Amino acid sequence: MEVITTHLNADFDAMASMIAARKIHPEAKMVFPGSQEKNLREFMARSPLAEYPFHRIRDIDLDAVTRLILVDIKIPGRLGPLDEVARREGVELIIYDHHPRTDQDYKGSVEIVDNVGATATLLVEELRRRRKRITPEEATILTLGIYEDTGSLTFTSTTPRDLDAVSFLVKKGARLDVIPTFIGRELDARQVQLLNDLLNSTETLDVQGVSVSVATASTEEYIPELALLVHKMMDMEGFDVLFTLVRMEERVILVARSRVPEVDVAKVAEEFGGGGHPTAASGSIREKTLVQVKEELTAILPRVIGRRKTASSLMSSPVISVGLEDGIAWAAEIMTRYNINGLPVMDGEKNMSGIITRGVVERAIHHGLSDSPVKDYMLTDFQSVSPDDPLEMVQEHIVERHQRMLPVMEGRKVRGVITRTDLLEAMHDEFKMSKAYEEFKGSQESSLDRVRNISELMREILDRRTLKVLRTSGEVADAMGFRAYLVGGLVRDILLRIRNQDVDLVVEGDGVEFGRRLARRLKARIRTHRKFKTAVVILPDGFKVDVATARTEYYEFPGAHPMVERGSIKLDLYRRDFSINALAIKLNPGSFGLVVDFFGGQRDLKEKTVRILHNLSFIDDPTRIIRAVRFEQKFGFRIGRHTQYLLKGAVSRGYLAKAQGPRLLMEIMAILREDHPSRSFERMEELGILEALHPALAFDRRTREVFTQVEKIHSWFQFLYLEEEPEIADIYFNATMLLKDTDARSEILLGFQVPAYRREEYLERWGRIADTLRALARVPEGSPSWIARQLRDLTTEDLIVLMALTKKEGTARAVSLYLSRLRFLDMEIDGKVLKKMGYATGPIFRRIMDAVRDARVDGEVKTLEEEIEWVKENFPLEGKKVESRKVKGKR
């Protein structure tokens, strides 16, 4: 016996396909394995289908079935009792289905399976091929099937073949006026309530840069046609992707819809034992709660939802190249400068003629061919791809054809290049998004995977303004055909969950023009630096966004300022100091929040390691030696073993002496601004860094004591709750320098290349502090005014230095009294008051006012009236009487 059947909860496409299949297999019996959707039941009740007899499954002898014809279904578990028949040995399967193939599918002796909008489309094509007659009623039923599964030809899964099938059916008499009666139907009260529950529960997730909405609800009774409710939700809210989970009776029903190619909802449904096609899928989950299913769905989405990688997403751009006539030696220098292993050889600015590799260059130099042009030895037989070619084509050329570097070309113009490393990273990314990786990883969890979208974490850490600026930046870049990235310490700090609002952007494109467009969008002003290809966008409230063109750099000699050229994001990140600072976040709308990590920065964050990117990093820029210690101590990390080995080597070979002095001093001051800088100085002492800077900078016992005192005094000062915040680095630096002898101070300043005028300022300042410290060695009892006179001309920073350096309790008490109280005491009397009192302008004014200030500080006077009386008593005017009540001063 032959049986035509379909999936449980059959819809119009299923029924129409069964009717069409019977025209091909006229001896077969049509059997629904279970119930039908409500609208289909209504149609069958209102439209007599005597010509198309459907049998109840209980009336079929399942043991007698020898051939099973499956329509709109090929995945096990959705045939009800007929699943057992499908698995039985000796039963022939014939399959008609439009859902994508999976590894779990039933295998048929005949399979007509293709990705069209509806299975009915495949059956219409088969009927046309076989020249089968189709009646107007059959044409109407088949049209209903196609319209339902394609959303009236509006779903993204709709193909030209679906439209062609409908056109053919209309010619055969299909009545389109019937369709709205059954496709666009009203909801009953229970469905309206469920729809309301789903809408109220909807939450939207950002998964791999795709907006995915998830709605949940629970009901004690079975409510039919959940798919209809999902369809209405998609229309009402305009969701790109929607997953609904509804607990009904003893199961959770999953229905999913997608309008974007990045999300294949069938793959998600398969994880729950369901199925479907990329734009519409469903499943039924038993023995799990609604909460469990939602948690599993949330975990599955990042793995299943991915982006189809293309050549343009893998390539590095702009391209570093050489010309046909350039010499082999020049090609070697370029490769060394940019740390690359192959170069396109260009005929002019746009046309590519060949590829020259490091291996060829090295062998040519070995044979004394350094001056020969690269065109003599370049590879001329090479493959290329276009920007939209898929990852699979890139793999074929690089892996199977063994091509070290693959140009990405539009015509003869080179847009970028893809290396073997680029391909390996892309393949590794895809592996880490696969189910196989989950199985490989087992129970080991990693919170810092290399492929990671952190848009949710960004929402948690960043304020709304910053987040808006970043999203707007991505939108502006997208509109210009650029790629925008968040870079710098903010990326690192987001991953460490540290709040930081310093926004640095890098653009693969013209950063200055991007900055101008961004400023217009944000109604901000802009400062540009065309020479450096950078800009600063300044919002109305003063918030700044630094913008730079993606660039690369090289150093002409150790410690030199870097020479900067335009590059790609990978080259831009490669010029950074450490892997933890060589991270970026994509900002373009299609990939917002995706972490870019070429150098293992996330791994090093997880392992709390400071690691350089290449072995010459400390040679290129010796200031990184000090910076490595700062980051190590700031975050409680450790400098990696190999990095420390290279750091010590650079220190012992004297590379710190080759660095720019002002940049070294800047790094020292940055350490002094951190909490507990003594830890960094201890570490620099251990690594020989301070000795290399100047022997007098040794972090000895006395210096440790002063650092401890500065920290304590600074904490005490903060508890005074004053508005001013002293510059802590200035305090540490000056206190340290005052511990050194005069010659050492001068040598250290010269070593840091401090300009002459600044050296004079420092030396004068240190002399003033030292003089004051000596003067305060003996503080007179009961004379606050004397203390005030000694300290009045010193800054707050200098006063804290005094407290840290003194070993005398009396001196420390005197300075603390001045800092906390005496410096805020000032007289109210002024020159105008003195004139009204009859005093002539002249030196007497200064003597009177100094004396009044002292009296005020000593507590002898407290008000203006008392000051006036005190002046009359201590500076009497001959032959004049002053009426104090008529004198008004400042209040």
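Anything mentioned here points back to the structure above.
This section reports on the structure supplied with the text. Please read these numbers as outputs of a predicted model, since none were measured by experiment.

1. What about the overall build of the chain?
Broken down by element type, the chain carries 39 helices and 28 strands. By the compact-globule yardstick of 29 Å for 891 residues, the chain is too spread out, its C-alpha radius of gyration being 40 Å. Expressed as lengths along the three principal axes of its C-alpha atoms, the size of the chain is roughly 135 × 85 × 45 Å. When the 891 residues of the chain are sorted by exposure, 53% land in the buried category. Look at the contacts in the chain between residues 6 or more apart in sequence, and 65% of them connect residues 24 or more apart. Of the roughly 42,300 Å² that the chain leaves accessible, carbon and sulfur atoms contribute 48%. Computed over 134 positive and 137 negative side-chain charges, the separation of the two mean positions in the chain equals 4 Å.

2. Notes on the nonpolar core
Ranked by size, the top nonpolar core spans 111 residues in total, and within it Leu-486, Ile-494, Leu-505, Phe-514, Val-545, Ile-689 and Leu-693 carry the most contacts. Residues in contact with Ile-494, not counting those within four places in the same chain, are Ile-454, Leu-457, Met-458, Ile-461, Leu-462, Leu-486 and Ile-585. Judged by nonpolar contacts, the second largest core, of 42 residues, contains Ile-24, Ala-120, Val-124 and Val-178.

3. Quick look at unusual backbone geometry
Trans is the prevailing form of peptide bonds, just as negative phi is the prevailing case for residues other than glycine. The residue Arg-131 is not glycine, and still its phi comes out positive at about 60°. Structurally, the position occupied by Arg-131 is in the loop between α4 (119-129) and α5 (136-149). Here Arg-131 falls in the exposed class, since its relative accessible area comes to 77%. With a phi close to 55°, Lys-523 is a non-glycine residue in the positive phi region.

4. Section: the sheet that holds strand β19 (residues 503-508)
The mixed open sheet is built from seven strands, whose spatial order is β20-β21-β22-β19-β18-β25-β26. Each end of this open sheet is capped by a strand with a single partner; those strands are β20 (525-529) and β26 (595-596). The strands that helix α21 (residues 511-522) touches are β18 (483-487), β19, β20, β21 (534-538) and β22 (544-549); relative to β20, the one it contacts most, it runs at about 175°.

5. Digging into the packing of aromatic side chains
Under the criterion given, the structure shown has 15 aromatic pairs. Both rings, one in Phe-699 and one in Phe-707, keep their centres 5.1 Å apart while their planes meet at 85°; by these two values the pair is edge-to-face. Given the relative accessible area of 2%, Phe-699 is considered buried. Given the relative accessible area of 2%, Phe-707 is considered buried.

6. Observations regarding the sheet that holds strand β3 (residues 54-55)
One open sheet accounts for six strands, arranged β3-β2-β1-β4-β5-β6; its pairing is parallel. Of all strands in the sheet, those bounded by a partner on one side alone are β3 and β6 (110-113). Pairing between strand β1 (residues 2-5) and strand β2 (residues 29-31): three bridges, direction parallel. Across the sheet, the residue bridging to Ile-4 is Met-30, located in β2.

7. What to know about helix α11 (residues 290-304)
Its 15 residues give α11 an end-to-end C-alpha distance of 20 Å, which sits within 8% of 21 Å, the value for a rise of 1.5 Å per residue. Residues of α11 that are buried include every one of Leu-290, Val-293, Leu-297, Ile-300, Leu-301, Arg-303 and Val-304, and no others.

8. Quick word on the environment of Arg-758
Here Arg-758 lies in helix α33 (residues 756-775). Looking at Arg-758, its side chain comes within polar contact range of the side chain of Glu-761, at 2.7 Å.

9. Remarks on the pattern of salt bridges
Throughout the structure, instances matching the rule amount to 63 salt bridges. Of the charged contacts, one joins Glu-325 and Lys-375 as a salt bridge, the two residues approaching to 2.7 Å between their closest N and O atoms. Here Glu-325, found in the loop between β13 (322-323) and α13 (328-338), pairs with Lys-375, found in the loop between α14 (358-366) and α15 (391-400); they are 50 residues apart in sequence, far enough to count as distant. Between Glu-667 and Arg-627 there is a salt bridge, with its nearest N and O atoms 2.9 Å apart. With Glu-667 in helix α27 (residues 661-673) and Arg-627 in helix α25 (residues 623-635), this residue pair connects regions lying 40 residues apart in the sequence. Through salt bridges with shared partners, one network takes in Asp-577, Asp-621, Arg-624, Arg-627, Arg-663 and Glu-667.

10. Remarks on the side chain of Ser-455
The topology assignment puts Ser-455 in helix α18 (residues 455-461). At 3.4 Å, the side chain of Ser-455 forms a polar contact with the side chain of Asp-206. Of note is the side chain of Ser-455, whose polar atom sits 2.8 Å from the side chain of Asn-453. In this structure, Ser-455 is in contact with Asp-206, Phe-592 and Gly-593, ignoring residues within four places of it in sequence.

Definitions and limits used
Residues numbered from 1 in each chain as written. Predicted model: local features only at pLDDT ≥ 70, side-chain atom pairs only at ≥ 80, totals over all residues. Heavy atoms only, no water. Helix = DSSP H or I, 4+ residues; strand = E, 2+ residues; numbered from the N terminus. Rg over C-alpha atoms; globule rule 2.2 N^0.38 Å. Buried < 20%, exposed > 50% of the residue type's maximum accessible area, 1.4 Å probe, protein only. Contact = heavy atoms within 4.5 Å. Areas by Shrake-Rupley, 256 points an atom, 1.4 Å probe, with all protein chains shown as cover. Lys, Arg positive; Asp, Glu negative; His and termini not counted. Charge placed at Lys NZ, Arg CZ, Asp CG, Glu CD. Core = buried A, V, L, I, M, F, W, Y, C linked by side-chain atoms within 4.5 Å. Pairing = 2+ DSSP bridges. Axes fitted to C-alpha atoms, helices over the stretch in contact; angles between N-to-C directions. Phe/Tyr/Trp six-rings, centres within 6.5 Å; stacked < 30°, edge-to-face > 60°. Expected span 1.5 Å × (residues − 1). Polar contact = N/O pair within 3.5 Å; in protein donor to acceptor, adjacent residues only side chain to side chain. Salt bridge = Lys/Arg side-chain N within 4 Å of Asp/Glu carboxyl O.

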